[in-house]
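# Examining the three-dimensional arrangement
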Amino acid sequence: MNTAKLRAPIATPAAVPIARVALDVPLFTAFDFLAPGFRDADIGRLVIVPFGRAGHTCVGLIVEMVTQTTVPPEKLKAIVRAVGVPPLAPRDLALFAFCERYYHFPLGQIALNAIPPRLRQTKHFSITEMRMVAITNTGRAALATLPARAVVQRAMLSALAETAALREDAVASVYEGGRARLQRLIEKGWAEFRAAVDVPPEARATLTTTHTLNSEQTAAVAAIIAARGTFAPILLEGVTGSGKTEVYLHAIHDALEHQLQALVMVPEINLSPAFVRAVAARFPHARIAELHSGMAEGARTQAWLAAQRGDADIVIGTRLAVFTPLPRLGLIVVDEEHDTSYKQQEGLRYSARDVAVFRAQEVSCPVVLGSATPSLESLHNVARNRFAHIALRARAVVNATLPRVAFIDTNHERLRDGISKALIDAIDETVKRGEQALVFINRRGFAPALVCAQCGWMPSCTRCTARLVFHRGIDRLRCHHCGLTVRVPSHCADCGSHQMIAAGEGTERIESALAAALPEARMARVDRDSTRRVGSLEAIFARAEAGALDVLVGTQMLSKGHDFPNLTLVGVVNADGALFSADFRAAERLAQQIMQVAGRAGRASRGGRVLIQTRFPEHAVFQAIAAQDYPRFAASAMRERKQNHLPPFSYLALLRAESQKPDALNAFLGAAKAAADESAAALQGNQVHVWDAVPSTLTRKAGFERQQLLIQADTRRALQDVLAAWMPLVRALPQRAVRWTLDVDPQEV
Ligand code: ADP
Ligand code: ZN
Ligand code: ZN
């Protein structure tokens, strides 16, 4: 069924139209199906088609309608049926096509993964759409003459008669047998469904104000509003607590007033519900749709369809929301634009921030990238006048200032369980004053290694080249790369000694050390382990906000969401490791993480303090943090990147390959390298460098040997030209026993 170009095209009998359908398969080709009754207007429609073994079907996307095909008539199958949702717009297809070109990933896989899972199912489903129900004139007349015994019908019609319209579920689920009865009212013509638009658009834009914008915020909002209707990427660089959210809300208000939809992206799935509630509270009449992968399938489908119909005014979601169809899109906000979670690390390795900018360009609207600690990529775009720059330099709350930063020099302080007496004392004083403290450590578990005190042996993962992390809570060793979980050995496998000690520290250890030192303090730990259940992070934050917690210990999950006005001390422990990481972005990440988490302190007028435990207080990264001067850090990091010709001064693509068979891996990468050299040589000038394949940082993961091959180019154009030439060659290589992926603009190298 593959539409190979080997045969002469054959017109179909009686000119039945042919639909070219993209499927969720790793192939850069669409598949042809007979599509009787389908027209050009069906391009963008989801359809169910026979595919694979006999009797099997799957959902695909019509990308083209044609009249000829190279598929022989006896092999040509017909579309089974269309999925009962409106087709995607040409603009949506263009977005997928952009991603296909830019990330060199098949359009079918992009498209099918961008839609809610329910729409990918071949079985029939019903979508309980959020509709409104209104009484008709015939309904009013009927109500007057209905016999008294029609109790429920009367009650339903009376309720409807009292208002312009009611939400469908408010009718259907309130009365006994409500759904069936409502259906009968509709059939009789006594009531009718309406799209949920009975609030006039002007009213939907209503923003309840709580703050008068300060002058910096006013200028920021004015700049965004002035850009309405034009492609305008804007970096909103505002220090922590400067009131960026307020700027977003006013910009959204303007979009809504002009009947435009706003797309707001947030980095952390856990914080999305709280953000949605906050926005909903300020826009009481707007229709808000939330979209993230943790939602129930029905709700997600509903929200997506509401957005696609143009019913939703504000769409809030995590990175996947960037693909939401939005016919009236007029503003995009990317909050915490520097956050690495905007980059998907599997399948289509897209950057939702970058896709958002492309999307804004496509529809001609402003895209606001907000951060206290912008990525060097975005700052570079500002420097080259590609992005506008708006700064918020002061905290918004009156009298609130940025926290003071000091160091605890661990060359001189003794640490117990990774924490100094000075830090414990500071936390103690804070709690005794009735204020809150936060301790940040970017490593979960109890200790990153278990080590034999006699010979130094350390248990490592049998499947990866990584040490096992000791989790005391579950009393197990766990691999953070493949998830392997094993018992804690009672003795050393090498020398038999029973003296196995926990080396280094993670969140669990800091928590238990603090609990021992400050038994009175009410404490909670926040990391991926303690917040696995949906809602648990929110619950902890709610307790903290209500003053029911004195100390929070955790990873960078603590750096986002909820304001804690009573939090005045932030402690940072064990941050030095990042200073010596092999990843050229490690310093940038460290500065961002610490400044974000430091920004938690002193949000109110109380003033805040940050204590960083380090052996390198003079290090440039820490000095910039101490000065609360992210721009200074960024400027020096930028100089370094420029010298070393690293992003944003060059453009990277990484071919990652893995295999259980080292020979196969070497053969594949050898051939891939040769093909890359050839592709690079075909380019004008010397703009592209192809590096030799090297073992990945984690050289073995889950039993697979891993290597990577880096391509570095002077310009995005040169990189894309090479990839366009190279990728077809790589795909044509024998790939037995090798899995590979291409990562364009990789975040981790
Ligand atoms: P950011 O996202 O920039 O870190 P937020 O948007 O969370 O900052 O705002 C920080 C705090 O300042 C919030 O409590 C917010 O309610 C408050 N705030 C924002 N704008 C103003 C203003 N104009 N006047 C007073 N307080 C404000
Ligand atoms: Zn030993
Ligand atoms: Zn492992």
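See the structure printed just above.
Analysis parameters
- Residues numbered from 1 in each chain as written.
- Chains lettered and ligands numbered in written order.
- Predicted model: local features only at pLDDT ≥ 70, side-chain atom pairs only at ≥ 80, totals over all residues.
- Heavy atoms only, no water.
- Buried < 20%, exposed > 50% of the residue type's maximum accessible area, 1.4 Å probe, protein only.
- Helix = DSSP H or I, 4+ residues; strand = E, 2+ residues; numbered from the N terminus.
- Pairing = 2+ DSSP bridges.
- Polar contact = N/O pair within 3.5 Å; in protein donor to acceptor, adjacent residues only side chain to side chain.
- Contact = heavy atoms within 4.5 Å.
- Donors = N, O, S within 2.8 Å, 3.2 Å for Na, K, Ca; no water.
- Tetrahedral: all angles 85-135°; square planar, octahedral: opposite > 155°, others 65-115°.
- Arc of directions from axis to C-beta.
- Axes fitted to C-alpha atoms, helices over the stretch in contact; angles between N-to-C directions.
- Core = buried A, V, L, I, M, F, W, Y, C linked by side-chain atoms within 4.5 Å.
- Near = heavy atom within 4 Å.
- Areas by Shrake-Rupley, 256 points an atom, 1.4 Å probe, with all protein chains shown as cover.
- Nonpolar A, V, L, I, M, F, W, Y, C, P; charged D, E, K, R; others polar.
- Phe/Tyr/Trp six-rings, centres within 6.5 Å; stacked < 30°, edge-to-face > 60°.
- Lys NZ or Arg CZ within 6 Å of the ring centre and 35° of its normal.
- Expected span 1.5 Å × (residues − 1).

### Description of the pairing of strand S16 (residues 366-371)
- Across the six residues of S16, six count as buried, placing the element largely inside the fold.
- Residues Pro366, Val368 and Gly370 point to one face of S16 and Val367, Leu369 and Ser371 to the other, with burial holding for every one of them.
- Judged from the six bridges that link them, strand S11 (residues 232-238) and S16 form a sheet pairing that is parallel. Bridge assignment links Ile234 to a residue of S16, and that residue is Val368.
- Bridging between strand S15 (residues 329-335) and S16 involves four bridges; their strand directions are parallel.

### Considerations on the side chain of Thr430
- Of note, Thr430 is situated in helix H14 (residues 421-432).
- Judged by relative accessible area, Thr430 falls into the buried class, the value being 1%.
- Among the polar contacts made by the side chain of Thr430, one reaches the main-chain carbonyl oxygen of Ala426 at a distance of 2.7 Å.
- Excluding anything up to four places from it in sequence, Thr430 contacts Glu435, Gln436, Ala437, Thr568 and Leu569.

### A few points about the coordination of the zinc ion (ligand 3)
- Coordination of the zinc ion (ligand 3) by the protein is provided by Cys461 (SG), Cys464 (SG), Cys479 (SG) and Cys482 (SG), with metal-donor distances spanning 2.3 to 2.4 Å.
- Considering all four donor atoms around the zinc ion (ligand 3), angles at the metal cover 106 to 112° and the coordination shape is tetrahedral.
- On the primary sequence, the residues serving as donors to the zinc ion (ligand 3) are separated as C-x2-C-x14-C-x2-C.
- A relative accessible area of 2% places Cys479 in the buried class.

### Considerations on helix H3 (residues 137-145)
- Here H3 has its buried residues at Gly139, Ala142 and Leu143. All buried residues of H3 lie within an arc of 105° about the axis, which places them on one face of the element. For H3, exposure combined with an orientation more than 90 degrees from the buried face picks out Asn137, Ala144 and Thr145.

### A few points about the sheet that holds strand S7 (residues 81-82)
- Ordered by their spatial adjacency, five strands build an open sheet running S3-S2-S5-S4-S7, and the pairing between neighbours is antiparallel. Two strands in the sheet have a free side with no partner beyond their single neighbour: strand S3 (31-34) and S7.
- As paired elements, strand S4 (residues 46-50) and S7 share two bridges and run antiparallel to each other. Looking across to S7, one finds that Val47 is bridged to Ala82.
- Relative to the sheet, helix H2 (residues 107-114) contacts strand S2 (18-23) and strand S5 (57-66), its axis offset from that of S2 by approximately 75°.

### Some words on the nonpolar core
- Membership of the largest hydrophobic core comes to 128 residues, with the highest contact counts inside it found for Phe96, Phe323 and Trp726.
- With eight residues, helix H20 (residues 662-681) is the single largest residue contributor to this core.
- In contact with Phe323, not counting residues within four places along its chain, are Leu95, Phe96, Cys99, Ala114, Leu348, Tyr350, Val355 and Arg359.
- In this structure, Ala220, Val247, Ala251 and Ile316 belong to the second largest nonpolar core, which totals 30 residues.

### So, the site of ligand 1
- For ligand 1, the set of nearby residues contains 17 residues, the closest of which are His211, Thr212, Gln217, Gly241 and Thr245.
- Contact between ligand 1 and His211: an oxygen atom at 2.8 Å from a side-chain N or O atom of the residue.
- Between ligand 1 and the protein, one listed contact pairs a nitrogen atom with a backbone N or O atom of Thr212 at 2.8 Å.
- In the complex, the protein chains occlude 78% of the 560 Å² of accessible area that ligand 1 would expose alone.
- Counting residues per element, the shell around ligand 1 draws most heavily on helix H9 (residues 244-257), at three residues.
- In terms of residue class, the shell around ligand 1 is made up of four nonpolar, nine polar and four charged.

### Focus on unusual backbone geometry
- Of note, the amide linkage connecting Pro647 to Pro648 takes the cis form, showing an omega dihedral of 5°.
- Residue placement: Pro648 occurs in the loop between helix H19 (630-643) and strand S31 (651-659).
- Even without glycine at this site, Ser364 takes up a positive phi of about 60°.
- As for its position among the elements, Ser364 is in the loop between helix H12 (352-363) and S16.
- Classification of Ser364 as partly exposed rests on a relative accessible area of 35%.

### Concerning the environment of Gly670
- Along the chain, the position of Gly670 falls in helix H20.
- Considered as a pair, Gly670 and Leu709 are 39 residues apart in the sequence and their alpha carbons are 9.8 Å apart.

### A few points about the packing of aromatic side chains
- Applying the stated criterion to the full structure yields 12 aromatic pairs.
- Where Phe323 meets Tyr350, the ring centres are 5.1 Å apart and the plane angle is 65°; that geometry is what we call edge-to-face. With Phe323 in the loop between strand S14 (314-317) and S15 and Tyr350 in the loop between S15 and H12, this pair connects stretches of sequence that are 27 residues apart. Here Phe323 and Tyr350 have matching classes, each one buried.
- Plain terms: the ring middles of Phe407 and Phe622 are 5.9 Å apart, the flat faces sit at 65° to each other, and that makes the pair edge-to-face. Here Phe407 is found in strand S18 (residues 404-409), whereas its partner Phe622 is found in helix H18 (residues 620-626), with 215 residues between them in sequence.
- Accessibility expressed as a relative area gives 24% for Phe407, which makes it partly exposed.
- One cation-aromatic arrangement involves Arg731 over Phe28; the distance from NZ or CZ to the ring centre is 3.7 Å.
- Over the ring of Phe704 we find Arg739; its NZ or CZ atom is 3.9 Å from the centre of that ring.

### A closer look at the coordination of the zinc ion (ligand 2)
- Within the first shell, the zinc ion (ligand 2) binds the protein through Cys452 (SG), Cys455 (SG), Cys492 (SG) and Cys495 (SG), at distances of 2.3 to 2.4 Å.
- Around the zinc ion (ligand 2), the four donor atoms sit at angles spanning 103 to 114°, and that spread fits a shape best called tetrahedral.
- Spacing between the donor residues of the zinc ion (ligand 2) along the chain follows C-x2-C-x36-C-x2-C. Of this pair, Cys455 sits in the loop between strand S22 (449-452) and strand S23 (469-471) while Cys492 sits in the loop between strand S25 (485-487) and strand S26 (500-503), and the two are 37 residues apart along the sequence.

### So, the sheet that holds strand S12 (residues 261-265)
- Strand order in this open sheet of seven strands is S13-S14-S12-S15-S16-S11-S17, and the pairing throughout is parallel. Strand pairing shows two members of the sheet lacking a second neighbour, strand S13 (288-291) and strand S17 (388-392), which therefore form its edges. The average angle at which neighbouring strand axes cross in this sheet is 20°, direction not considered.
- Most of the contacts of helix H8 (residues 215-226) go to S17, to which it runs at about 160°, and overall it touches S11, S15, S16 and S17.
- Running over the sheet, helix H13 (residues 376-383) touches S11, S16 and S17 and is turned about 120° from S11.

### So, H9
- With 14 residues, H9 should reach 20 Å at 1.5 Å per residue; the first-to-last C-alpha distance of 20 Å fits that figure.
- Within H9, 11 of the 14 residues are buried, which leaves the element mostly enclosed by the surrounding structure.
- Looking only at H9, the buried set comprises Lys244, Glu246, Val247, Tyr248, Leu249, His250, Ala251, Ile252, Asp254, Ala255 and Leu256.
- Gln259 occupies a position one or two residues after H9 and carries a positive phi of about 55°.

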